[in-house]
Amino acid sequence: MEVQESTEPTDEPGAPRAEEPAKEDLETRQVVEFRLGEDYCAIDIGEVDSIVEIKKVTRIPRTPDSIDGVMDLRGETTAIIDPRTFLGVEGESPDADEQNVLVLDRPDDKQKIGIRVDEVREVATYTEDRIDTDDDLSNLDTQGISERVSRGIIRKSNGGEDDAADGDDLNLVVWVDIDAVIGQLK
């Protein structure tokens with residue numbers, strides 16, 4: 001006796017509906033989430049080499065305010081960027097000993113680059129249906145991060161899994177285009 005699988009939607013709880021893709025079928029994106037002022041941001045984890053605490057940063061004369069200077073990181077000179085200045089992030093930044101540096105993994109750079117952030121929140125994985133990458137991001141409700149450096153918005157639920165689907169208790173995380181951020185420095 002042969003058993004045939006039905007492709008018809010079922011009324012069983014947890015069974016995927018025909019018109020909705022199963023969560024397992026959706027592509028995922030893994031990101032490092034961080035805070036800049038009042039904004040929550042994220043960059044792809046593949047673009048981050050490491051996360052380190054701020055050490056002594058040496059200021060370089062005649063560089064823009066957005067470049068804090070350089071620091072020695074495991075024997076390698078690493079340029080430290082403060083995105084708060086050129087992104088217009090308002091508010092006081094925390095003390096340096098409370099901040100972190102996301103050291104970038106960019107093979108085209110001649111030296112390591114690190115981005116100073118107020119707080120690293122977590123490494124998280126999101127399905128593509130949680131990421132809005134519409135071309136018009138001009139209505140971003142952020143304090144300083146604008147559409148010019150954003151790849152999109154990640155809808156992150158505060159509560160259960162179903163919150164994102166019905167729009168309750170959502171945090172918006174700005175998915176930052178790191179190439180656009182570095183491009184702002186030139």
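Residues numbered from 1 in each chain as written. Predicted model: local features only at pLDDT ≥ 70, side-chain atom pairs only at ≥ 80, totals over all residues. Heavy atoms only, no water.

Describing the environment of isoleucine 81
- Along the polypeptide, isoleucine 81 turns up in strand β5 (residues 76–81).
- The exposure class of isoleucine 81 is buried, given its relative accessible area of 3%.
- A C-alpha to C-alpha distance of 6.0 Å links isoleucine 81 and arginine 116, two positions 35 residues apart in sequence. (Helix = DSSP H or I, 4+ residues; strand = E, 2+ residues; numbered from the N terminus. Buried < 20%, exposed > 50% of the residue type's maximum accessible area, 1.4 Å probe, protein only.)

What to know about empty space enclosed by the protein
- Under the criterion given, the structure shown has one cavity of 30 Å³ or more.
- Along the walls of the largest cavity sit 11 residues, with Phe34, Leu36, Leu87, Val176 and Val181 positioned nearest its centre.
- Broken down by secondary-structure element, the contributors of at least two residues to the lining of the largest cavity are β1 (28–36), α1 (83–87), β7 (112–117) and α3 (178–184). (1 Å grid on protein atoms, 1.4 Å probe; cavity = no way out; pocket = protein on both sides within 12 Å on 5 of 7 lines; lining within 4 Å. Points joined across faces, edges and corners; volume = space filled by probe spheres on them.)

Structural notes on the nonpolar core
- If you look at the biggest cluster of nonpolar residues, it comprises 23 residues, and the most contacted ones within it are Phe34, Leu36, Ile43, Leu104 and Val181.
- For this core, the element with the most residues is α3, which contributes four residues.
- Core analysis: the second largest hydrophobic core is formed by eight residues, Val31, Ile154, Val173 and Trp175 among them. (Core = buried A, V, L, I, M, F, W, Y, C linked by side-chain atoms within 4.5 Å.)

Quick look at the sheet that holds strand β4 (residues 67–73)
- The sheet built from five strands is open, its strands ordered β3-β6-β7-β5-β4 with mixed pairing. Each having just a single partner strand, β3 (48–53) and β4 make up the two edges of the open sheet. Going from strand to strand, the sheet's axes swing by 30° on average, the running direction of each strand aside. (Pairing = 2+ DSSP bridges. Axes fitted to C-alpha atoms, helices over the stretch in contact; angles between N-to-C directions.)

Some remarks on the environment of glycine 37
- Tracing the chain through its elements places glycine 37 in the loop between β1 and β2 (39–44).
- Its relative accessible area of 7% is what places glycine 37 among the buried residues.
- The residues contacting glycine 37, other than those within four sequence positions of it, are Arg84, Val89, Glu90 and Asp118. (Contact = heavy atoms within 4.5 Å.)

Details of the pattern of salt bridges
- Across all of its chains, the model carries 15 salt bridges by this definition.
- Between glutamate 122 and lysine 156 there is a salt bridge; the shortest N-O distance is 2.4 Å. Residue glutamate 122 is found in strand β8 (residues 119–127), and its partner lysine 156 is found in strand β10 (residues 150–157); the two are separated by 34 residues along the sequence.
- The class for glutamate 122 is partly exposed, based on a relative accessible area of 34%.
- Several salt bridges share partner residues, and in doing so they unite Arg29, Asp44, Glu47, Glu128 and Arg151 into one network. (Salt bridge = Lys/Arg side-chain N within 4 Å of Asp/Glu carboxyl O.)

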